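# Survey of secondary and tertiary structure
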Amino acid sequence: QVQLVESGGGLVQAGGSLRLSCAASGRTSSANAMGWFRQAPGKEREFVAAINWSGRSTYYADSVKGRFIISRDTAKNTVYLQMNSLKPEDTAVYYCALDKFAVPGTQVGDYDTWGQGTQVTVSS
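Predicted model only: the values in this text are computed from it and were never measured. (Residues numbered from 1 in each chain as written. Predicted model: local features only at pLDDT ≥ 70, side-chain atom pairs only at ≥ 80, totals over all residues. Heavy atoms only, no water.)

### Let's talk about the state of the cysteines
- Overall, the coordinates contain 1 disulfide when judged by the stated rule.
- The disulfide partner of Cys22 is Cys96, and the S-S distance across this bridge is 2.0 Å. Around the S-S axis, the bridge from Cys22 to Cys96 shows a dihedral of about 55 degrees and counts as right-handed. Of the two residues, Cys22 is situated in strand β3 (residues 18–25) and Cys96 in strand β9 (residues 92–99); the sequence distance between them amounts to 74 residues.
- By relative accessible area, Cys22 is classed as buried at 0%. (Disulfide = S-S within 2.5 Å. Helix = DSSP H or I, 4+ residues; strand = E, 2+ residues; numbered from the N terminus. Buried < 20%, exposed > 50% of the residue type's maximum accessible area, 1.4 Å probe, protein only.)

### Here's the deal with the nonpolar core
- Ranked by internal contacts, the top residues of the largest apolar core, which has 32 residues, are Trp36, Leu81, Met83 and Tyr94.
- At the level of secondary structure, the elements contributing two or more residues to this core comprise β3, β4 (34–39), β5 (46–51), β7 (68–73), β8 (78–83), β9 and β11 (118–123). (Core = buried A, V, L, I, M, F, W, Y, C linked by side-chain atoms within 4.5 Å.)

### Notes on the packing of aromatic side chains
- For the structure on display, the rule yields 4 aromatic pairs.
- An aromatic cluster is built from Phe37, Phe47, Tyr111 and Trp114, whose rings are joined through pairwise contacts.
- The lysine or arginine in question, Arg45, covers the ring of Tyr95, its NZ or CZ lying 3.9 Å from the ring centre.
- The ring of Trp114 is capped by Arg45, whose NZ or CZ atom sits 4.9 Å from the centre of that ring. (Phe/Tyr/Trp six-rings, centres within 6.5 Å; stacked < 30°, edge-to-face > 60°. Lys NZ or Arg CZ within 6 Å of the ring centre and 35° of its normal.)

### Some words on unusual backbone geometry
- Of note in this structure, Asn77 is not a glycine but carries a positive phi near 50 degrees.
- Within the secondary structure layout, Asn77 lies in the loop between β7 and β8.
- The phi angle at Ser85 is positive, at roughly 50 degrees, despite the residue not being glycine.
- By the secondary structure assignment, Ser85 is in the loop between β8 and β9.
- For Ser85, a relative accessible area of 40% corresponds to the partly exposed category.

Given below as structure tokens:
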């Protein structure tokens with residue numbers, strides 16, 4: 001039984017930065033990948049970034065490449081999403097998720113455990 005809790009969301013102006021955190025608890029060990037997704041009102045949940053257990057492999061959606069950085073602290077069971085140069089179109093609820101397997105996936109169906117989400121709002 002794994003539990004994920006996101007934090008760090010808030011309201012920022014365009015061009016600003018924000019760092020999201022995802023704390024995992026309830027597991028003794030796991031080599032599964034983790035990812036970040038986001039969902040805006042009226043839109044499908046979309047992939048943002050993913051990272052494998054060691055942190056050596058990272059993947060990003062084209063829309064955030066060069067602006068966002070995903071990282072993890074395995075000892076703390078925590079995954080981070082550093083968001084820079086934020087744009088109004090980045091506004092969404094951001095979710096962290098645990099992948100079903102070790103290789104990072106880019107689809108919602110690749111993940112089986114989700115956090116409650118944290119709101120990120122970027123004003124122009």
